Amino acid sequence: MRIAQVAPLAESCPPLQYGGTERVVSYLTEELVARGHEVVLFASGDSITDAKLIPPTPVALRRAEGQPDQLAYMTIQLAQVARSAVPFDVVHFHWDYLHFPLFAGTGQATVTTFHGRLDLPHFPPLVGAFPNMPLVSISNSQRRPIPNANWHATIYHGLPTDLLPFGEGSGGYLAFVGRISPEKRVDRAIEIARRVGMPLRIGAKVDRADQAYFEGEIRPLIERSPFVEFLGEVDDRGKAELLGGAAAMLFPIDWPEPFGLVMIEAMATGTPVVAFDHGSVPEVLDHGRTGFVVNTMDDAVEATQAAMRLDRRAIRGIFEERFSVRRMVDDHETLYRRLVTERQPSFALGAQS
């Protein structure tokens, strides 16, 4: 098949450090190419890919100078997709809805994966205005705010099985990996580690929007907690070392998590996860096997102690079975074939009907 993958522009594909959506788009793209599909990736110019790369910006916008306007470059990207000379079988968008007016009703087979939270007031009227746009969710819980949208599949994320090696968890510490923000609740992770009596290593980025929160609430908390080590943003090698050496990873979120890629990254290293019961968490974790799903801080402390007794080899095996890139791409190929079969008679993008 001839497939277009349209990635966000905040990070490269794959990201150098933090970046969930672009990371998943990269894994999907490269496996599709390896399977013989003709893939064009619309992503930042510093992306690394075996697909044909069409970049609307030379570098990922988070790393560009001058804080460029993301909407402007997304508009350029959208024009590139629409004007492409390639008659795609499927165009797969990985950002929310900017393309809806242009592609609705064209007959072009498209699909849009929503990667973020959908419990925002604009989503019900938005999807209601474009009822025929095919959509994919990354967890069943993500769908709840708009259950009657045109959902075609739920496809869980997957990782290459050779990306993160198995770790013995012999470092004697707990880990928190991801992003410093109010909804990720690193403050809870610090409190859990204090009560369990173990060191906590934090590998996390701080977005500009969360800088004041970090400086005002989290940095002082870290400075008065001698058992906490803040590593900042980590790359893939640093993440592998951090997760692989951790006795358990803490995921004490306080928001409707759409998926939580770091949970399966931890599972890939064999590291059990202790996570609060929000959003996708009970779909991703096998309670009592790959970690524990909790509702209170007392439960989290108890579960963290219990998680260290779980079988790390079994956790790795469950990851390989449920969350490999092979399974993720199998699911996407099935979806793409169905979309091509079901689509209306189409015409080339940019042509007159």
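Residues numbered from 1 in each chain as written. Predicted model: local features only at pLDDT ≥ 70, side-chain atom pairs only at ≥ 80, totals over all residues. Heavy atoms only, no water.

*Asks:* Which parts of the structure should I look at to understand the nonpolar core?
*Replies:* Generally speaking, soluble globular proteins have nonpolar side chains that are buried together. Core analysis: the biggest nonpolar cluster contains 89 residues, and I180, L200, I202 and F251 have the highest contact counts within it. If we skip the residues at most four places from it in the chain, F251 touches E257, G260, V262, M263, V273, V274, A275, F276 and V281. One finds W95, F100, V127 and M133 within the second-largest nonpolar core, a separate group that totals 27 residues. (Core = buried A, V, L, I, M, F, W, Y, C linked by side-chain atoms within 4.5 Å. Buried < 20%, exposed > 50% of the residue type's maximum accessible area, 1.4 Å probe, protein only. Contact = heavy atoms within 4.5 Å.)

*Asks:* Help me out: how do you make sense of the sheet that holds strand β3 (residues 52-54) in this one?
*Replies:* Where strands meet in a sheet, backbone hydrogen bonds hold them as pairs that are either parallel or antiparallel. On the basis of which strands lie adjacent, the open sheet formed by seven strands has the order β3-β2-β1-β4-β5-β6-β7 and parallel pairing. The open sheet is flanked by β3 and β7 (151-154), the only strands paired with a single partner. Looking at each pair of strands side by side, their axes are set apart by 20 degrees on average, direction ignored. (Pairing = 2+ DSSP bridges. Helix = DSSP H or I, 4+ residues; strand = E, 2+ residues; numbered from the N terminus. Axes fitted to C-alpha atoms, helices over the stretch in contact; angles between N-to-C directions.)

*Asks:* Would you mind showing me how to read the packing of aromatic side chains here?
*Replies:* For any pair of aromatic rings, the description consists of the separation of the ring centres together with the inter-plane angle of the planes. Summed over the entire model, instances satisfying the criterion amount to 11 aromatic pairs. Of the aromatic side chains, those joined through ring pairs into one cluster are Y97, F114, F123 and W151. Directly above the aromatic system of F276 lies the positively charged group of R188, at a separation of 4.2 Å from the ring centroid. (Phe/Tyr/Trp six-rings, centres within 6.5 Å; stacked < 30°, edge-to-face > 60°. Lys NZ or Arg CZ within 6 Å of the ring centre and 35° of its normal.)

*Asks:* What is the right way to look at the sheet that holds strand β13 (residues 291-294) in this model?
*Replies:* An order of β10-β9-β8-β11-β12-β13 is seen for the six strands of this open sheet, with the pairing classed as parallel. Single-partner strands in this sheet number two, and they are β10 (228-232) and β13. In this sheet, neighbouring strand axes are inclined to one another by 20 degrees on average, regardless of whether the strands run parallel or antiparallel. Judged from the four bridges that link them, strand β9 (residues 200-205) and β10 form a sheet pairing that is parallel.

*Asks:* What is the right way to read the environment of R195 from this model?
*Replies:* Position of R195 among the secondary structure elements: in helix α5 (residues 186-196). The partly exposed category is assigned to R195, whose relative accessible area is 36%. Separated by 106 residues in the primary sequence, R195 and V301 have C-alpha atoms spaced 6.8 Å apart.

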